[in-house]
Amino acid sequence: MTAYAIAHLQEAAPHPEIAEYIERVSGTFEPYGGRFLVHATQHEVKEGSWPGHVVVIGFPGITEARTWWDSPEYQEIAPLRSRHIDGDIILVDGVPGDYDPASTARAMRETLPAE
């Protein structure tokens with residue numbers, strides 16, 4: 001099942017270390033089957049506030065995403081970004097192709113108190 005690394009990164013002033021990070025990051029996730037799905041694109045906020053940038057990297061599975069994040073190659077370059085850009089980053093499983101949200105609603109209803 002596909003998994004994703006999703007980053008919500010705040011605006012940052014240009015810096016040589018950020019440029020180096022961007023130049024090198026693809027080389028760290030490609031061996032794990034990762035690829036950019038969203039990067040350096042505009043987003044449209046429909047509700048709430050979402051300042052900054054969105055990055056999404058797709059992986060074949062959560063194991064590959066975790067292995068990439070923990071890899072010496074990625075951990076070596078991560079400070080180039082984190083020293084200059086604040087943000088939130090998560091790894092998350094996708095849903096299977098046959099996912100039915102109605103089953104989630106049914107499970108939720110089963111936990112509700114009787115009316």
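Throughout, residues of each chain are indexed from 1 in the direction in which the sequence is written. Under the rules for a predicted model, residues below a pLDDT of 70 receive no local features and side-chain atom pairs below 80 are neither given nor counted, while totals for whole chains, interfaces and linings still include all residues. Hydrogens and water molecules were not included; the side-chain quantities draw on all heavy atoms of the structure.

> A description of unusual backbone geometry should follow, citing residues and the corresponding values.
Phi at Ala40 takes a positive value of approximately 60 degrees, unusual for a residue other than glycine. One can find Ala40 in the loop between strand S2 (35–38) and strand S3 (53–59). Given a relative accessible area of 71%, Ala40 falls into the exposed group. Secondary structure elements follow DSSP: runs of H or I no shorter than four residues count as helices, runs of E no shorter than two count as strands, and numbering proceeds from the N terminus. For each residue, the accessible area found with a 1.4 Å probe, counting protein chains only, is set against the maximum for its type, and the residue is called buried under 20%, exposed over 50%, and partly exposed in between.

> Pulling in residues and values, what's your account of the pairing of S3?
Taken across its seven residues, S3 has six buried, putting it largely inside the fold. Here strand S1 (residues 3–9) pairs with S3 via seven bridges, running antiparallel. Looking at S3, one finds that Ile6 is bridged to Val56. Paired strands are those between which DSSP finds at least two bridges. Inspection of the sheet shows S2 paired to S3 by three bridges, in the antiparallel sense. Looking at S3, one finds that Arg35 is bridged to Gly58.

> I'd like a rundown of the packing of aromatic side chains, residues and numbers included.
Aromatic pairs are defined between Phe, Tyr and Trp rings, using the six-membered ring for Trp, whenever the two ring centres lie within 6.5 Å; interplanar angles under 30 degrees are classed as stacked, those over 60 as edge-to-face, and all others as tilted. Evaluated as defined, the whole model comprises eight aromatic pairs. Look at Phe29 and Phe59: their rings are 6.4 Å apart centre to centre, the planes differ by 80 degrees, and that puts the pair in the edge-to-face class. With a gap of 30 residues between them, Phe29 in helix H1 (residues 16–29) and Phe59 in strand S3 connect regions that are remote in the sequence. On the basis of relative accessibility, which here comes to 1%, the residue Phe29 falls in the buried class.

> How would you summarise the pattern of salt bridges if you had to cite specific residues and measurements?
By definition here, a salt bridge exists when the distance from a side-chain nitrogen of Lys or Arg to a carboxyl oxygen of Asp or Glu is within 4 Å. By the definition in use, this model includes four salt bridges. A salt bridge links Glu17 to Arg83, with the shortest nitrogen-to-oxygen separation between them at 3.0 Å. With a gap of 66 residues between them, Glu17 in helix H1 and Arg83 in the loop between helix H3 (72–82) and strand S4 (87–93) connect regions that are remote in the sequence. One salt bridge in this structure joins Arg24 and Glu76, with 2.9 Å as the shortest N-O distance. One end of the pair, Arg24, is in helix H1; the other, Glu76, is in helix H3, with 52 residues separating them in the sequence. Look at Glu76 and you get exposed, because its relative accessible area is 55%. Here the salt bridges share partners, and the residues they tie into one network are Glu20, Arg24 and Glu76.

By themselves these figures say nothing about function.
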